[in-house]
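Residue-level structural notes
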Amino acid sequence: MATTSPRAEGSLRLAALALWLLPLYALLLALSTLTHEPDHAEDFEAWSRYVTTDIFVVSHLGASILGAGLGLVGTVGALVLMLRGPAGGQALVATALTIIGNTMFVSMFAAAAYAQPAIGRAFLNGVPAAEGMYDDVYGAPFLTAFAVGALTYAAGALLVGRALARTSPSLRWAGWTYGAALVVFLVAGFTVSFLQPVAGAVASAAAVVVARRLPAATA
């Protein structure tokens, strides 16, 4: 009978611990979307005052950028465990898409964290070209990154959910709920924004179940 080496067992324990970063990641998503930017097209001054607050910068650096990194570590932890199960190949594809999607999104979070406060301060200081700077930052390259990021992120989230559901019946509802909630979070960002923290909280609760059950389901 095949046995697992002590080194492999240690790696699996680390992967199981990394799973707990998934609910933390989803919780950070929820917290980062409790408030939203005013519409820059309707009131650029209100937008400028919002993006120059400390909480805006901290939210993007801590919740969005660092949170994305934590979520990726958690996803890789899930991959390590699921590779031993019936959905290993699907989990690998899902993780790859998730990494691509989050990488594209991090570039956009960085633009928000670093460029928007500078644009806002410029406008509040009376720089006449400030509104044009916004249009330059959020032009065709940014929109292309968003399109690629949104498609790969959504596909990765759904495939992660499907891989979890295929791994064990005990993970079926939690896996699908986690993946679907992340997609709802994404879509709500540019449709019904008040649903974002709700979707993030639902994803966090589902991820807690995943973190508790996946190690045993793949043992």
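As a starting point, this report considers the structure included with it. Computed from a prediction, not measured in an experiment: that's the story for all the values here.

Details of helix α3 (residues 44-51)
Burial in α3 covers these residues: F44, W47, S48, Y50 and V51. Down the axis of α3, the sector holding all buried residues measures 165 degrees, keeping them to one side. For α3, the N-terminal capping position is held by D43, with its side-chain oxygen 3.3 Å away from the main-chain nitrogen of E45.

Quick word on empty space enclosed by the protein
The full count for this structure, using the stated rule, is one cavity of 30 Å³ or more. Considering the residues around the largest cavity, the lining is formed by Y25, G71, T75, T98, N102, Y153, G156, A157, V160, Y178 and L182. Broken down by secondary-structure element, the contributors of at least two residues to the lining of the largest cavity are α4 (54-82), α5 (88-124), α7 (140-167) and α8 (172-188). The element that contributes the greatest number of residues to the lining of the largest cavity is α7, accounting for four residues. Of the residues that constitute the lining of the largest cavity, the class distribution is six nonpolar, five polar and no charged.

Quick word on the packing of aromatic side chains
Two aromatic rings, taken as a pair, are described by how far apart their centres are and by the angle between their planes. Under the definition given, this model contains 11 aromatic pairs. The interplanar angle of 65 degrees and the centroid separation of 4.9 Å between the aromatic rings of F44 and F123 together place this pair among those described as edge-to-face. Remark: F123 occurs in helix α5 and F44 occurs in helix α3; sequence separation between them is 79 residues. For F44, a relative accessible area of 6% gives the class buried. Centroid distance Y134 to Y138: 4.7 Å. Interplanar angle 35 degrees. Geometry classified as tilted. Note on accessibility: Y134 and Y138 belong to one class, buried.

Focus on the packing of α8 against helix α9 (residues 196-217)
In contact at an axis separation of 8 Å, α8 and α9 are set at 155 degrees when each is read in the N-to-C sense. On the basis of the axis angle, α8 is roughly antiparallel to α9. Here α8 and α9 pass one another in a crossing that is left-handed. On α9, the residues touching W173, A174, G175, T177, Y178, A181, L182, V184, F185 and A188 of α8 are Q196, A199, G200, V202, A203, A206, A207, V209, V210 and R213. Grouping the amino acids of the contact of α8 with α9 by side-chain chemistry returns 15 nonpolar, four polar and one charged.

Some thoughts on helix α2 (residues 21-32)
Compared with the 16 Å implied by 1.5 Å per residue over 12 residues, the 16 Å span of α2 between its first and last C-alpha is a close match. L22, P23, Y25, A26, L28, L29, A30 and S32 are the residues of α2 that are buried.

A word on the environment of A157
Mapping A157 onto the fold places it in helix α7. Note: C-alpha distance between A157 and L19 (138 residues apart in sequence) is 15 Å. Sequence-distant contacts of A157, defined by excluding residues within four places in its chain, comprise T98, G179, L182 and V183.

The rules behind these values
- Residues numbered from 1 in each chain as written.
- Predicted model: local features only at pLDDT ≥ 70, side-chain atom pairs only at ≥ 80, totals over all residues.
- Heavy atoms only, no water.
- Buried < 20%, exposed > 50% of the residue type's maximum accessible area, 1.4 Å probe, protein only.
- Helix = DSSP H or I, 4+ residues; strand = E, 2+ residues; numbered from the N terminus.
- Arc of directions from axis to C-beta.
- Polar contact = N/O pair within 3.5 Å; in protein donor to acceptor, adjacent residues only side chain to side chain.
- 1 Å grid on protein atoms, 1.4 Å probe; cavity = no way out; pocket = protein on both sides within 12 Å on 5 of 7 lines; lining within 4 Å.
- Points joined across faces, edges and corners; volume = space filled by probe spheres on them.
- Nonpolar A, V, L, I, M, F, W, Y, C, P; charged D, E, K, R; others polar.
- Phe/Tyr/Trp six-rings, centres within 6.5 Å; stacked < 30°, edge-to-face > 60°.
- Axes fitted to C-alpha atoms, helices over the stretch in contact; angles between N-to-C directions.
- Parallel < 35°, antiparallel > 145°, perpendicular 65-115°, else oblique.
- Left-handed = near helix turned anticlockwise from the far one by under 90°.
- Contact = heavy atoms within 4.5 Å.
- Expected span 1.5 Å × (residues − 1).

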